[in-house]
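Okay, here's what each chain looks like letter by letter:
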Amino acid sequence: MTQRGVIKDEIPVYLWNMESTDSNGVYRDRKSWIIDSRAKPLTYRLDLDDLPRNPMGRTGLHGKGALPRWGPNHNVFAVITRWQTRASKSSEHSLLGTSDLLEFVETFYLTKKDISLPGGFTWSENRYQVVQSVFKMADENATWITADDMIQFFKRHATTTIGSEPSEKNFKSEKIYCGYMDDQLNTDQAWKEVELWHIHYKNYTSIFRAFKVLAADIPSVAWDENIFISFINKNLLMLYETSLRNFLMF
């Protein structure tokens, strides 16, 4: 039997609009990160098949497509930037209108065709673990459980040498967006949501010491000179660009 193009036997039975852990210990967060007009987490509606309805409307694609989960698919990304001083101040200005270059941390695999930011889809209840996964930890058993765990890690690298005291004036962090993310993979019953952070080092940082080495199954991490040219995910770039200028004025 089918209804609205979905085979009834294939319709999942999940606890929508809430967090849950099944009998196999698999954690799922079906709550939306979108904030409604009452400043509360959005409660998305279900369609006639009792499947989540995309809160931003129809996309023309039925089912969950290539996305891992029905309903909200949560992602966390970190934009990590620093100023790189140019040898000649008389050289051509960057796209930000500055004489110095703004470098950002990118992740990529061996082919360097899939350039992205540190982060991605959050599989577990520790949402910041997906950002942590591309950096080397002093304690390999440590897990970032809260946003503060992530911030403190990056803050410790606001130094020129390991073990030196980080500079408060040299470091700034901010959650610049949390909510719906436009993406070509979004469907009528599944969509991406994103929590986007900006970590900025004004003068110097030792974060490169924590970059993981290149491997076939682990994304490599490196500094790049121009996020506007290199960054492939244009949807995230648009979110980032809107808050970039105000963030860097400190």
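The structure under discussion appears in the preceding block.
Residues numbered from 1 in each chain as written. Predicted model: local features only at pLDDT ≥ 70, side-chain atom pairs only at ≥ 80, totals over all residues. Heavy atoms only, no water.

J.: Which parts of the structure should I look at to understand the overall build of the chain?
T.: Along its length, the chain carries four helices and 10 strands. Counting from the amino terminus, the chain carries its helices and strands in the arrangement β-β-β-β-β-β-β-α-α-β-β-β-α-α. When burial is assessed residue by residue, the chain has 48% of its 250 residues classed as buried. At a minimum sequence separation of 6, the contacts of the chain that also span at least 24 residues come to 64%. As displayed, the chain has an accessible area near 13800 Å², and 51% of this comes from carbon and sulfur atoms. (Helix = DSSP H or I, 4+ residues; strand = E, 2+ residues; numbered from the N terminus. Buried < 20%, exposed > 50% of the residue type's maximum accessible area, 1.4 Å probe, protein only. Contact = heavy atoms within 4.5 Å. Areas by Shrake-Rupley, 256 points an atom, 1.4 Å probe, with all protein chains shown as cover.)

J.: Mind showing me how you'd approach the nonpolar core here?
T.: Generally speaking, soluble globular proteins have nonpolar side chains that are buried together. Counting residues in hydrophobic clusters, the biggest one holds 27 residues, and the most contacted among them are Ile80, Val131, Phe135, Phe154 and Ile207. Counting residues per element, the ones that place at least two in this core are strand E5 (71–84), helix H1 (129–132), helix H2 (147–156), strand E9 (190–201) and strand E10 (220–224). Phe77, Ile176, Met181 and Val194 belong to the second-largest nonpolar core, a separate cluster that totals eight residues. (Core = buried A, V, L, I, M, F, W, Y, C linked by side-chain atoms within 4.5 Å.)

J.: Just to check I follow, could you spell out the side chain of histidine 74 for this structure?
T.: Note that histidine 74 resides in strand E5. Histidine 74 sits in the buried class, given a relative accessible area of 4%. A polar atom in the side chain of histidine 74 sits 3.4 Å from the side chain of glutamate 193. (Polar contact = N/O pair within 3.5 Å; in protein donor to acceptor, adjacent residues only side chain to side chain.)

J.: Would you take a moment to explain H2 for this structure?
T.: Because the α-helix completes a turn every 3.6 residues, residues three or four places apart line up on one side. Looking only at H2, the buried set comprises Ala147, Met150, Ile151, Phe153, Phe154 and Lys155. On its buried face, H2 is in contact with E5, H1, strand E8 (171–181) and E9.

J.: Help me understand the pattern of salt bridges, please; the structure alone is not making it clear to me.
T.: Side chains that differ in sign of charge can pair as their charged atoms come close. Scanning the entire structure with this criterion turns up six salt bridges. For the salt bridge of aspartate 22 with arginine 28, the shortest nitrogen-to-oxygen distance reads 3.1 Å. By relative accessible area, which is 29% here, aspartate 22 ends up partly exposed. We note a salt bridge from aspartate 36 to arginine 38, for which the minimum N-O separation is 3.1 Å. (Salt bridge = Lys/Arg side-chain N within 4 Å of Asp/Glu carboxyl O.)

J.: Before we go on, may I ask you to explain the pairing of E10 in this structure?
T.: Along any regular strand the residues' side chains alternate between the sheet's two faces. The buried fraction of E10 is high, at four of five residues. Where strand E6 (residues 101–108) lies against E10, five bridges are found, and the strand directions are antiparallel. The residue of E10 that forms the bridge with phenylalanine 108 is serine 220. (Pairing = 2+ DSSP bridges.)

J.: I keep staring at the packing of aromatic side chains and nothing clicks. Help me out?
T.: For any pair of aromatic rings, the description consists of the separation of the ring centres together with the inter-plane angle of the planes. With the rule as written, the count across this model stands at nine aromatic pairs. Consider the rings of tryptophan 144 and phenylalanine 153, whose centres lie 5.0 Å apart with planes at 50°: the pair is tilted. Geometrically, the ring pair formed by phenylalanine 153 and phenylalanine 154 is edge-to-face, given 5.2 Å between the ring centres and 70° between the ring planes. One aromatic cluster is present, built from ring pairs that chain together Phe135, Trp144, Phe153, Phe154 and Phe211. (Phe/Tyr/Trp six-rings, centres within 6.5 Å; stacked < 30°, edge-to-face > 60°.)

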